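# Working through the structure, step by step
Given next are the chains, with one letter for each unit.
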Amino acid sequence: MADRGHDNRRGFYRLRYPDADRPVLHADALVVPVAELSEAGLRVPAGDFRVEVGARLAGEVRFTNGDVAWIDGTVLRHEAGEAVLRLTVGVSLRQMIAEQQRLHRHYPDQY
């Protein structure tokens, strides 16, 4: 399935989530919605995210269907109102495909 409207020519498929259907990153006391997700990275709104570039972050991503993915990575950069994390432990391909299929069912015109 094509990701309409997003440049997806990188090594990993990326899912950009609608505001109302975002998974949530839980890491220590930090709880923030995930705006975009791939097997090797994620983006969160920077407004609620006060972690320095280069800092290590480990925790879990909780999906709206109840699934959980354990993540570990570092804050790569802050850009365009979002913080970008590069993951060394990320979401499995199986889980990414399941999320893509779920989003396609709920938002057929967008995914």
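Just so you know, these numbers come straight off a predicted model, no measurement behind them.

## Considering the pattern of salt bridges
If you walk through the whole model with that rule in mind, you get twelve salt bridges. Its salt-bridge partner being Arg 102, residue Asp 21 comes within 3.1 Å of it at the nearest N-O pair. Of the two residues, Asp 21 is situated in the loop between strand E1 (15–16) and strand E2 (24–27) and Arg 102 in helix H1 (residues 93–106); the sequence distance between them amounts to 81 residues. On the basis of relative accessible area, Asp 21 is assigned to the buried category, the value being 8%. Note that Glu 82 and Arg 43 form a salt bridge whose closest N and O atoms lie 3.5 Å from each other.

## So, the environment of His 78
With respect to the helices and strands, the residue His 78 is situated in strand E7 (residues 68–79). For the pair His 78 and Gly 66, spaced twelve residues apart in the sequence, the C-alpha separation amounts to 28 Å. Ignoring sequence-local partners within four residues, the contact set of His 78 consists of Ala 46, Phe 49, Val 51, Val 53 and Ala 83.

## Looking at the environment of Arg 22
Mapped onto the elements, Arg 22 comes out in the loop between E1 and E2. Distance in space between the C-alpha atoms of Arg 22 and His 78 is 19 Å, their sequence separation being 56 residues. Setting aside its immediate chain neighbours within four residues, Arg 22 contacts Tyr 17, Pro 33, Val 34, Ala 35, Pro 45 and Thr 64. A polar contact of 2.8 Å, which involves the side chain of Arg 22, links it to the side chain of Asp 19.

## Remarks on unusual backbone geometry
One non-glycine residue, Asp 28, lies in the positive phi region at around 55°. When you line up the elements, Asp 28 lands in the loop between E2 and strand E3 (30–33). Even without being a glycine, Ala 80 presents a positive backbone phi close to 50°. Relative to the helices and strands, Ala 80 resides in the loop between E7 and strand E8 (82–89).

Conventions and cut-offs
Residues numbered from 1 in each chain as written. Predicted model: local features only at pLDDT ≥ 70, side-chain atom pairs only at ≥ 80, totals over all residues. Heavy atoms only, no water. Salt bridge = Lys/Arg side-chain N within 4 Å of Asp/Glu carboxyl O. Helix = DSSP H or I, 4+ residues; strand = E, 2+ residues; numbered from the N terminus. Buried < 20%, exposed > 50% of the residue type's maximum accessible area, 1.4 Å probe, protein only. Contact = heavy atoms within 4.5 Å. Polar contact = N/O pair within 3.5 Å; in protein donor to acceptor, adjacent residues only side chain to side chain.

On their own, these measurements won't tell you what the molecule is for.
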